[in-house]
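Read off the chains here:
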Amino acid sequence: MGKTALAQFTPHDFTAIFFIIAMAMNPIDADSIGKALIGILLIITLHLSFARLSLYNHLNRFLIGEPAILIKHGKLDRRNLKKSRFSLAELLSSVRSQGYSDVTTIQYAILEPNGAISVLPKPEMMPATKEDMSIEPDYQGFPMALIVEGDIQHEHLKMIEKDEVWLKHAVKKAGFTGVRAVFFAVVKDTDHSLIIDDGHGTIRSV
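Rules used in this analysis
Residues numbered from 1 in each chain as written. Predicted model: local features only at pLDDT ≥ 70, side-chain atom pairs only at ≥ 80, totals over all residues. Heavy atoms only, no water. Buried < 20%, exposed > 50% of the residue type's maximum accessible area, 1.4 Å probe, protein only. Helix = DSSP H or I, 4+ residues; strand = E, 2+ residues; numbered from the N terminus. Pairing = 2+ DSSP bridges. Phe/Tyr/Trp six-rings, centres within 6.5 Å; stacked < 30°, edge-to-face > 60°. Lys NZ or Arg CZ within 6 Å of the ring centre and 35° of its normal.

Draft legend 1. Expanded view of the pairing of strand E4 (residues 117-121). Of the two faces of E4, only one is covered, namely that formed by Ile117, Val119 and Pro121; the face formed by Ser118 and Leu120 stays uncovered. Relative to E4, strand E3 (residues 106-111) is paired through five bridges, and the arrangement is antiparallel. Following the sheet pairing, Ile110 is matched in E4 by Ser118. Connecting E3 to the antiparallel partner E4 that follows it, the hairpin turn spans five residues, and Gly115 within it adopts a positive phi of roughly 95°.

Draft legend 2. Geometry of the packing of aromatic side chains. On inspection of all chains with the given rule, the structure shows zero aromatic pairs. Note that Arg204 overlies the ring of Phe176, its terminal NZ or CZ placed 5.1 Å from the centroid.

Draft legend 3. Representation of the sheet that holds E3 in the model. Pairing is antiparallel across the open sheet formed by four strands, whose spatial order is E2-E1-E3-E4. The open sheet terminates on both sides in strands that have one partner only, identified here as strand E2 (75-76) and E4. In the sheet, strand E1 (residues 68-72) pairs with E3 via four bridges, with the strands oriented antiparallel. Counted as the bridge partner of Ile69 is Ile110 from E3.

Draft legend 4. Seen up close, the pairing of strand E8 (residues 194-197). Only one face of E8 is buried: it carries Leu194 and Ile196, and the other face, with Ile195 and Asp197, is open. As defined by bridge partners, strand E7 (residues 184-188) adjoins E8 across four bridges and the pair is classed as antiparallel. Bridging across to E8, Ala185 finds its partner in Ile196. The antiparallel hairpin formed by E7 and E8 contains five residues in its connecting segment, where His192 sits at a positive phi of about 60°. The pairing of E8 with strand E9 (residues 203-205) spans three bridges and is classified as antiparallel. Residue Ile196 lies in a different strand from E9, and its bridge partner there is Arg204. Counted between consecutive antiparallel strands, the loop separating E8 from E9 contains five residues, among which Gly199 sits at a positive phi close to 80°.

Written out as C-alpha coordinates, the structure reads:
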(Lines give C-alpha, C1' and ligand atoms only; values in the text may rest on other atoms or scores of the structure.)
Protein backbone atom coordinates (compact mmCIF):
# COMPACT_ATOMS: atom_id res chain seq x y z
CA MET A 1 0.00 0.00 0.00
CA GLY A 2 3.04 2.23 -0.30
CA LYS A 3 3.93 4.71 2.44
CA THR A 4 0.44 6.05 3.00
CA ALA A 5 0.00 6.69 6.71
CA LEU A 6 -2.86 5.18 8.67
CA ALA A 7 -4.47 8.61 9.10
CA GLN A 8 -4.50 9.00 5.32
CA PHE A 9 -6.16 5.66 4.54
CA THR A 10 -9.08 5.91 2.15
CA PRO A 11 -12.22 3.71 2.32
CA HIS A 12 -10.88 1.41 -0.39
CA ASP A 13 -7.62 1.02 1.60
CA PHE A 14 -9.59 -0.22 4.61
CA THR A 15 -11.68 -2.49 2.38
CA ALA A 16 -8.54 -4.05 0.91
CA ILE A 17 -7.08 -4.64 4.40
CA PHE A 18 -10.33 -6.24 5.58
CA PHE A 19 -10.42 -8.73 2.72
CA ILE A 20 -6.72 -9.52 2.98
CA ILE A 21 -7.13 -10.34 6.68
CA ALA A 22 -10.21 -12.47 5.97
CA MET A 23 -8.38 -14.47 3.29
CA ALA A 24 -5.22 -14.80 5.38
CA MET A 25 -7.19 -16.25 8.32
CA ASN A 26 -8.56 -19.20 6.34
CA PRO A 27 -5.30 -21.19 6.08
CA ILE A 28 -4.51 -20.72 9.79
CA ASP A 29 -7.96 -21.53 11.12
CA ALA A 30 -7.38 -23.28 14.46
CA ASP A 31 -9.73 -25.88 15.94
CA SER A 32 -8.10 -26.01 19.38
CA ILE A 33 -6.57 -23.70 21.97
CA GLY A 34 -3.19 -25.35 21.51
CA LYS A 35 -3.06 -24.62 17.78
CA ALA A 36 -4.27 -21.09 18.39
CA LEU A 37 -1.47 -20.48 20.93
CA ILE A 38 1.11 -21.90 18.52
CA GLY A 39 -0.15 -19.54 15.81
CA ILE A 40 -0.02 -16.56 18.17
CA LEU A 41 3.52 -17.42 19.31
CA LEU A 42 4.62 -17.83 15.69
CA ILE A 43 3.25 -14.41 14.73
CA ILE A 44 4.89 -12.79 17.79
CA THR A 45 8.23 -14.45 16.95
CA LEU A 46 8.07 -13.25 13.35
CA HIS A 47 7.15 -9.72 14.46
CA LEU A 48 10.04 -9.55 16.95
CA SER A 49 12.42 -10.98 14.36
CA PHE A 50 11.49 -8.35 11.78
CA ALA A 51 11.76 -5.63 14.45
CA ARG A 52 15.27 -6.83 15.33
CA LEU A 53 16.33 -7.09 11.68
CA SER A 54 15.11 -3.54 11.05
CA LEU A 55 17.89 -2.31 13.38
CA TYR A 56 20.49 -3.23 10.76
CA ASN A 57 21.07 -0.39 8.32
CA HIS A 58 21.52 -2.56 5.25
CA LEU A 59 18.10 -4.17 5.82
CA ASN A 60 16.19 -0.94 6.53
CA ARG A 61 15.41 -0.28 2.87
CA PHE A 62 13.70 -3.67 2.58
CA LEU A 63 11.88 -3.80 5.94
CA ILE A 64 11.07 -0.14 6.63
CA GLY A 65 11.64 1.62 3.33
CA GLU A 66 13.56 4.71 2.31
CA PRO A 67 12.64 8.39 2.34
CA ALA A 68 11.44 9.71 -1.01
CA ILE A 69 11.92 13.30 -2.18
CA LEU A 70 8.61 14.56 -3.58
CA ILE A 71 9.53 18.24 -3.94
CA LYS A 72 13.07 19.41 -4.71
CA HIS A 73 14.00 23.09 -5.00
CA GLY A 74 10.34 24.04 -5.45
CA LYS A 75 9.74 21.49 -8.21
CA LEU A 76 7.52 18.40 -8.00
CA ASP A 77 9.11 15.00 -8.59
CA ARG A 78 6.43 13.16 -10.53
CA ARG A 79 8.48 9.95 -10.74
CA ASN A 80 8.82 9.62 -6.95
CA LEU A 81 5.15 10.49 -6.46
CA LYS A 82 4.17 7.65 -8.77
CA LYS A 83 6.70 5.26 -7.25
CA SER A 84 5.45 5.98 -3.71
CA ARG A 85 1.81 5.74 -4.78
CA PHE A 86 1.25 9.16 -3.22
CA SER A 87 -1.18 11.37 -5.10
CA LEU A 88 -0.53 15.03 -5.84
CA ALA A 89 -3.72 15.97 -4.00
CA GLU A 90 -2.46 14.22 -0.83
CA LEU A 91 0.91 15.95 -1.11
CA LEU A 92 -0.60 19.42 -1.55
CA SER A 93 -2.95 18.80 1.37
CA SER A 94 -0.04 17.70 3.60
CA VAL A 95 2.15 20.70 2.84
CA ARG A 96 -0.79 23.10 3.22
CA SER A 97 -1.49 21.67 6.68
CA GLN A 98 2.07 22.66 7.61
CA GLY A 99 1.55 26.22 6.40
CA TYR A 100 3.00 26.04 2.88
CA SER A 101 0.44 26.95 0.25
CA ASP A 102 3.02 27.67 -2.44
CA VAL A 103 5.09 24.70 -3.60
CA THR A 104 7.80 26.98 -5.03
CA THR A 105 8.71 28.16 -1.50
CA ILE A 106 9.66 24.61 -0.46
CA GLN A 107 13.26 23.47 -0.67
CA TYR A 108 12.49 19.81 0.04
CA ALA A 109 9.36 17.82 0.82
CA ILE A 110 10.30 14.30 1.89
CA LEU A 111 7.98 11.33 2.31
CA GLU A 112 9.33 9.50 5.35
CA PRO A 113 9.12 5.68 5.74
CA ASN A 114 6.36 6.10 8.38
CA GLY A 115 4.17 8.00 5.89
CA ALA A 116 4.77 11.49 7.33
CA ILE A 117 5.74 14.43 5.14
CA SER A 118 8.78 16.46 6.23
CA VAL A 119 8.88 19.96 4.73
CA LEU A 120 12.05 22.07 4.57
CA PRO A 121 11.37 25.60 3.29
CA LYS A 122 13.80 27.62 1.25
CA PRO A 123 16.23 29.68 3.40
CA GLU A 124 14.57 32.98 2.55
CA MET A 125 11.20 31.59 3.71
CA MET A 126 12.40 30.40 7.12
CA PRO A 127 11.15 32.46 10.08
CA ALA A 128 13.72 34.53 11.91
CA THR A 129 14.88 33.10 15.24
CA LYS A 130 16.11 34.88 18.36
CA GLU A 131 19.60 33.67 17.47
CA ASP A 132 19.34 35.42 14.09
CA MET A 133 18.42 38.66 15.86
CA SER A 134 21.10 38.19 18.56
CA ILE A 135 18.50 37.96 21.32
CA GLU A 136 19.31 35.80 24.34
CA PRO A 137 16.25 33.58 24.99
CA ASP A 138 14.99 33.18 28.53
CA TYR A 139 14.76 29.68 29.95
CA GLN A 140 11.06 28.90 30.24
CA GLY A 141 11.42 25.89 32.50
CA PHE A 142 10.51 22.27 31.95
CA PRO A 143 6.82 21.49 32.69
CA MET A 144 6.25 18.39 34.79
CA ALA A 145 2.88 16.80 35.51
CA LEU A 146 2.17 16.54 39.23
CA ILE A 147 -1.45 15.37 39.02
CA VAL A 148 -2.92 13.26 36.24
CA GLU A 149 -6.63 12.42 36.48
CA GLY A 150 -6.61 12.87 40.25
CA ASP A 151 -3.45 10.80 40.85
CA ILE A 152 -0.31 12.39 42.31
CA GLN A 153 2.90 11.82 40.35
CA HIS A 154 5.28 11.26 43.26
CA GLU A 155 8.42 10.88 41.11
CA HIS A 156 7.95 14.38 39.69
CA LEU A 157 7.40 15.77 43.18
CA LYS A 158 10.77 14.36 44.22
CA MET A 159 12.43 15.92 41.18
CA ILE A 160 11.37 19.43 42.26
CA GLU A 161 12.13 18.60 45.92
CA LYS A 162 8.55 19.06 47.05
CA ASP A 163 6.22 16.78 48.99
CA GLU A 164 2.57 15.80 48.95
CA VAL A 165 1.73 18.29 51.73
CA TRP A 166 2.99 21.19 49.58
CA LEU A 167 0.97 19.99 46.60
CA LYS A 168 -2.27 19.59 48.56
CA HIS A 169 -1.83 23.04 50.06
CA ALA A 170 -1.30 24.55 46.59
CA VAL A 171 -4.41 22.79 45.26
CA LYS A 172 -6.58 24.15 48.08
CA LYS A 173 -5.01 27.60 47.65
CA ALA A 174 -6.15 27.53 44.02
CA GLY A 175 -9.73 26.96 45.19
CA PHE A 176 -10.08 23.21 44.63
CA THR A 177 -11.48 20.87 47.26
CA GLY A 178 -8.68 18.37 46.91
CA VAL A 179 -6.37 16.42 44.61
CA ARG A 180 -9.23 14.23 43.37
CA ALA A 181 -10.99 17.31 42.01
CA VAL A 182 -7.99 18.07 39.77
CA PHE A 183 -7.87 16.54 36.30
CA PHE A 184 -4.40 17.79 35.38
CA ALA A 185 -1.77 19.87 37.19
CA VAL A 186 1.62 20.85 35.83
CA VAL A 187 4.52 22.71 37.44
CA LYS A 188 7.56 24.51 35.99
CA ASP A 189 10.94 23.54 37.39
CA THR A 190 12.14 27.17 37.45
CA ASP A 191 9.76 28.98 39.79
CA HIS A 192 7.50 26.05 40.80
CA SER A 193 4.46 27.89 39.44
CA LEU A 194 1.53 25.48 39.29
CA ILE A 195 -1.19 25.40 36.61
CA ILE A 196 -4.30 23.40 37.55
CA ASP A 197 -7.08 22.23 35.22
CA ASP A 198 -10.23 20.53 36.53
CA GLY A 199 -11.14 19.18 33.10
CA HIS A 200 -14.41 21.11 33.03
CA GLY A 201 -13.17 24.43 31.70
CA THR A 202 -11.63 25.85 34.89
CA ILE A 203 -7.89 26.61 34.85
CA ARG A 204 -6.13 28.29 37.74
CA SER A 205 -2.51 29.06 38.53
CA VAL A 206 -0.71 29.30 41.86
